[in-house]
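Structural overview
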Amino acid sequence: MKGSPAPFLTIAEASRLIASKRLSPVELVRMLLARIEALDPQLNAFLLVTEKPALNAARAAERAIMAGHKGPLLGIPLAYKDIYETAGVRTTAHSRILADNVPKHDAETVHRLQTAGAVMLGKLATHEFAIGGPAFDLPWPPARNPWDIRRFTGGSSSGSGAAVAAGLALGALGSDTGGSIRLPAAYCGIAGFKPTPGLVSRRGVIPLAPSLDTAGPMAWTAQDCAILLDAIAGHDPADPASVAVPAVNYASAIATPLKGLRVGVLRRFYEHDVPASPEMLQVMARAATTLKGLGCRVEEATLPSVQEYNAVGRVIISAEAYALHEATLKTRLADYSRAFRVRVLAGALVRAADYIAAQRRRTDLIAATAKVFEKFDVLITPPTAGAAPLLNEQRPDDGFSRPLLTTVANVAAVPAMVVCGGWTASGLPLGLEIIGPSWGDATVLRVGHQFELATDTRARRPEL
Amino acid sequence: MTASPATHVPPPLSPGEMQLLLSRAGLVLNPGQVADLVLAWRQVAGLIASIPHDRPLVDDLAFAFHVPPPAAKPIAVAARPKPKTTPKKGAAKPAKRKQAARKR
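Residues numbered from 1 in each chain as written. Chains lettered and ligands numbered in written order. Predicted model: local features only at pLDDT ≥ 70, side-chain atom pairs only at ≥ 80, totals over all residues.

1. As for the overall build of chain A
A tally of regular secondary structure across chain A gives 16 helices and eleven strands. Counting only C-alpha atoms, chain A reaches 60 × 60 × 45 Å along its principal axes. Residues classed as buried in chain A amount to 64% of the 464 residues present. Taking the contacts inside chain A whose residues are at least 6 apart along the sequence as the reference set, 78% of them involve residues at least 24 apart. (Helix = DSSP H or I, 4+ residues; strand = E, 2+ residues; numbered from the N terminus. Buried ≥ 20, exposed ≤ 12 C-beta atoms within 10 Å, placed from the backbone. Contact = placed C-beta atoms within 7 Å.)

Below is the structure:
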């Protein structure tokens, strides 16, 4: 195999080059390991780099290619948020509590990716147990934003966002309970996809709040997310929430043009509930224009307020996260970060009646959201009010005090993705969130992909 | 169907009430941790207060679980297309880490 890899490749590009033997998986992995060594000390995206196993897997992939095997992920280097269990490889959840935890099995999603020939580069930073961060009182520092290392990556899949944006991995796995895939995707200028609950197995993913947790892909483009989703989606009887639905080829489905699609703009969300910055308002206006240009019918849509979804989501997360950690909190309280304690300990005081009221209200909100999808195929909104804030401006109680636009899709049990929607004047990425009805995953990915093709947001990479 | 959130936020817990709740939960916190919890709880209490609690009893259907009937057969799932492989005779298999035992 010949050819030196370019510093930035998408999964789709690398896959084509590898399949045609113009790119060696070994050279690709070597290049990425060198980038990680050079750049990660300022980004802190990786908690662990699995150099030797990565090179061995790349060599095996190369042998398979030379022997005639093909596959969209064969030889593709990926990295996993450190809440995904990896057999024989330390999995910490970015916490002292699991500092020495070496799982015996891979998470189901990791297993599926490895089986498809993907190469694991290492384990990625997260907020502690996917909620407590960014924190400076843990054994590993928080990840930093490649577009400006003084800034927050978003969380909790912070290392996944940073690694993909910086070109340290071609794709990553994240998890999303209230926005943890889509927020780092927005702040880091990449694509992140939260699937319909039940589409992707969560077996072997350390839980935060099981009734809201989802696992999903993060990559530079929506197309790459579709390629990753093709590998990880599918029924897993060992995940009680997994649903047996007919398989869809997402990477093919996204090619269909958008003509005739009904797009609802959730204007009240970002003009009233969580007021957006002037630059984000411009991104939304341009997105509506772009989608109209692609043949979509774009109209205003209305859902219950962001605050209503957030109240339900936050109460459920507090109660469930506390329940999962109660025993350890009683014996190793000081080993958790302050941010984790602030965000989770309040769950000790949530009464069962309050938790059930939140679950019942969630059912209302799911129904109200489904009703809106009778009129629309997808909804669009900003995922954040503006660009990435400074890392040192983050407060431990942010999760409660500021409602998240992204939590709407978790509470409503629908798929959603963030793609890069545009840029601030200072060059920071601004996201666009696309929300679909339950099991409308392919449509969400299709809108993200066609939007990316119609704009120039994928032409810019961070300068590091 | 989408009731407006209530606006009543309960008064903050007194130090004595907080200690009582903490002891019931079996948690021993230092004063700094209690101060953090008081601030966090104030936020969570506001969220709880915004969720309607006064639903009619028949609304219990809104909090239900789906249990499949005993005779129900699992839904047939179309075989997921595997990565297109065209192995040559005697070719090495794609990279795959040791996955012999995957019983959980």
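Next comes the rest of the account.
2. Quick word on the nonpolar core
Of all hydrophobic cores here, the largest spans 172 residues; its most connected members are A:Leu78, A:Val119, A:Ala163, A:Ala191, A:Val315 and A:Met417. Those residues in contact with A:Leu78 that lie beyond four places of it in its chain are A:Leu113, A:Ala118, A:Val119, A:Met120, A:Leu121, A:Ala169, A:Leu170, A:Gly171 and A:Ala172. (Core = buried A, V, L, I, M, F, W, Y, C linked by C-beta atoms within 7 Å.)

3. Topic: helix 7 (residues 222-232) of chain A
All names here are of chain A. Within helix 7, eleven of the eleven residues are buried, which leaves it mostly tucked inside the rest of the structure. Among all positions in helix 7, only Ala222, Gln223, Asp224, Cys225, Ala226, Ile227, Leu228, Leu229, Asp230, Ala231 and Ile232 are buried. Gly234 sits one or two residues past helix 7 and shows a positive phi near 135 degrees.

4. Things to note about the confidence of the model for chain B
Residue and element names in this part refer to chain B. For chain B, the average pLDDT comes to 68, and 47% of its residues sit at 70 or higher. Across residues 72-79, confidence stays below pLDDT 50; counting only partners more than four residues off in sequence or on other chains, it has eight contacts. Of the regions scoring below 50 in pLDDT, residues 85-104 engages in 38 contacts with residues more than four places distant in sequence or in other chains. For this predicted complex, the interface confidence comes out at an ipTM of 0.92, alongside a pTM of 0.91. (pLDDT = per-residue confidence, 0-100.)

5. Notes on the pairing of strand 3 (residues 119-124) of chain A
Residue and element names in this part refer to chain A. For strand 3, the tally of buried residues reaches six of six residues, placing the bulk of the element in the interior. Here strand 1 (residues 46-49) pairs with strand 3 via three bridges, running antiparallel. Each bridged residue has a counterpart across the sheet, and for Leu48 the counterpart in strand 3 is Lys123. Note that the unit made of strand 2 (residues 77-81), helix 4 (residues 108-115) and strand 3 has a crossover that is right-handed. (Pairing = 2+ DSSP bridges. Right-handed = clockwise from strand over helix to strand, strands pointing away.)

6. Structural notes on helix 5 (residues 158-165) of chain A
Among the eight residues that make up helix 5 of chain A, eight are buried, leaving the element largely enclosed by the rest of the structure. Listed as buried for helix 5 of chain A are A:Ser158, A:Gly159, A:Ser160, A:Gly161, A:Ala162, A:Ala163, A:Val164 and A:Ala165.

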